[in-house]
Amino acid sequence: MSETPRNLSPGSEIWALRPLPDMDEAQFHQWKTLLEHRTGMALAPERKSFLETNIGIRMREIGCGSFQAYYEKIVAGPEAVVEWATLVDRLTVQETRFFRDADAFRLVSDYVMTRPREQLRRRPLEAWSVGCSTGEEAYTLAILLNESMEQLGLPPLYGVTGSDISKPALDKAQKGLFNPRRLNGMDESLRQRYFRAGARNSAEIAEGIRERVCFTRLNVLDLKQAPMQGMNIIFCQNLLIYFRRWRRREIVSRLADHLAPGGLLVLGQGEITGWHPPGLQRVPSEHVLAWIRRQSDDE
């Protein structure tokens with residue numbers, strides 16, 4: 001007879017095969033209301049199957065037999081905070097990779113390369129990856145900044161902050177270990193320079209880059225309390241698509257408040273339309289959605 005896996009109690013592997021009841025409309029409304037209230041994420045009716053599937057997977061893992069019972073566990077159970085963090089990780093972490101949007105990162109590189117050199121010598125460049133997931137975007141920014149500083153013949157005065165609502169994702173980011181497929185499409189010379197073979201066939205980010213990047217847990221609904229101020233670059237892609245239009249404008253307006261004069265805000269193409277923020281100038285580009293804060297704001 002085969003041995004019961006250590007992480008399953010006897011019989012639980014049989015329980016996990018039992019079909020779960022369908023999520024009815026009232027339960028879907030209850031769940032999506034909770035998700036939007038706590039994270040700002042808005043789920044359209046056609047996303048019901050996504051929510052049902054991902055919650056169902058977690059329910060099977062812990063042996064919970066109904067959506068209502070799991071909802072009560074999330075809202076008021078003794079381990080509600082921990083369980084909520086686990087579920088949010090399942091619902092928000094998406095597939096990503098290094099240099100995912102080549103045009104956007106090229107814009108960032110051009111932005112740095114055209115800054116006054118004396119300004120770069122006096123003050124470190126500060127970049128912020130919002131909704132950084134498992135860290136690929138934040139480390140990409142660090143690699144770009146490092147490359148730019150070397151090309152300009154300047155010391156590497158820069159730092160990158162990655163923020164996300166998912167603690168499990170941030171824990172992975174801090175380790176700096178990635179599946180090699182996350183590097184697909186990356187320039188081979190950069191790959192050889194900034195990565196080495198890690199444990200279990202992983203690709204490990206270079207220590208010199210990892211020490212330039214820090215990660216912090218942050219809900220974008222709490223941007224008013226975010227400690228990041230005077231940022232030179234704010235990079236926020238593939239995050240706003242989860243929010244209602246009015247919430248998107250609220251988020252990007254608050255992000256703009258965290259920019260230094262002359263700072264660059266980069267968003268995902270099509271993630272916001274008709275936004276004309278005071279004090280920011282749209283970057284002329286057919287492929288990248290970005291703004292620069294005018295120098296005169298604080299000077």
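Placed above this text is the structure.
Residues numbered from 1 in each chain as written. Predicted model: local features only at pLDDT ≥ 70, side-chain atom pairs only at ≥ 80, totals over all residues. Heavy atoms only, no water.

Some thoughts on the overall build of the protein chain
A count of helices and strands for the protein chain gives twelve helices and ten strands. Residues classed as buried in the protein chain amount to 51% of the 299 residues present. When contacts within the protein chain are restricted to residue pairs at least 6 apart in sequence, those whose partners lie at least 24 apart make up 72%. Here the protein chain holds 40 positive side-chain charges and 38 negative ones, and the gap between their average locations is 1 Å. (Helix = DSSP H or I, 4+ residues; strand = E, 2+ residues; numbered from the N terminus. Buried < 20%, exposed > 50% of the residue type's maximum accessible area, 1.4 Å probe, protein only. Contact = heavy atoms within 4.5 Å. Lys, Arg positive; Asp, Glu negative; His and termini not counted. Charge placed at Lys NZ, Arg CZ, Asp CG, Glu CD.)

Description of the side chain of Thr39
Examined against the element boundaries, Thr39 turns out to sit in helix H2 (residues 25-39). On the basis of relative accessible area, Thr39 is assigned to the buried category, the value being 3%. Separated by 2.6 Å, the side chain of Thr39 and the backbone oxygen of Leu35 make a polar contact. Leave out the neighbours within four places in its chain, and Thr39 touches Trp84, Ile165, Asn219, Leu221 and Phe243. (Polar contact = N/O pair within 3.5 Å; in protein donor to acceptor, adjacent residues only side chain to side chain.)

Considering the pattern of salt bridges
Going through the model one piece at a time under the given rule, you end up with 14 salt bridges. Between Arg210 and Glu207 there is a salt bridge, with the nearest N and O atoms lying 2.9 Å from each other. Here Arg210 pairs with Glu207, and both are found in helix H11 (residues 207-210), just three residues apart, close to one helical turn. Relative accessible area serves as the criterion here: at 22%, Arg210 is assigned to the partly exposed category. A relative accessible area of 45% places Glu207 in the partly exposed class. (Salt bridge = Lys/Arg side-chain N within 4 Å of Asp/Glu carboxyl O.)

Regarding helix H8 (residues 136-152)
An α-helical segment advances 3.6 residues per turn. Residues three or four places apart therefore align on the same side. Given a rise of 1.5 Å per residue, 17 residues ought to cover 24 Å, and the 24 Å separating the end C-alpha atoms of H8 matches this to within 8%. Burial analysis of H8 places 15 of its 17 residues in the buried class, the great majority of the element. Of the residues one or two after H8, Gly153 is the one with positive phi, at around 70°. (Expected span 1.5 Å × (residues − 1).)

Side note on the nonpolar core
When a protein is soluble and globular, its nonpolar side chains tend to lie buried together. Core analysis: the largest hydrophobic core is formed by 48 residues, its most contacted members being Trp31, Ile55, Trp128, Leu255 and Leu267. Once residues lying within four places of it in the same chain are set aside, the contact partners of Leu267 are Cys236, Gln237, Leu240, Val252, Ile272, Leu289 and Trp291. Ranked by size, the runner-up nonpolar core spans 44 residues in total, among them Phe98, Leu170, Ala173 and Val288. (Core = buried A, V, L, I, M, F, W, Y, C linked by side-chain atoms within 4.5 Å.)

Side note on the environment of Gln30
Along the chain, Gln30 turns up in helix H2. Considering only alpha carbons, one finds Gln30 and Tyr71, 41 residues apart in sequence, at a separation of 8.6 Å. With near-sequence residues (within four places) excluded, Gln30 lies in contact with Gln68 and Tyr71.

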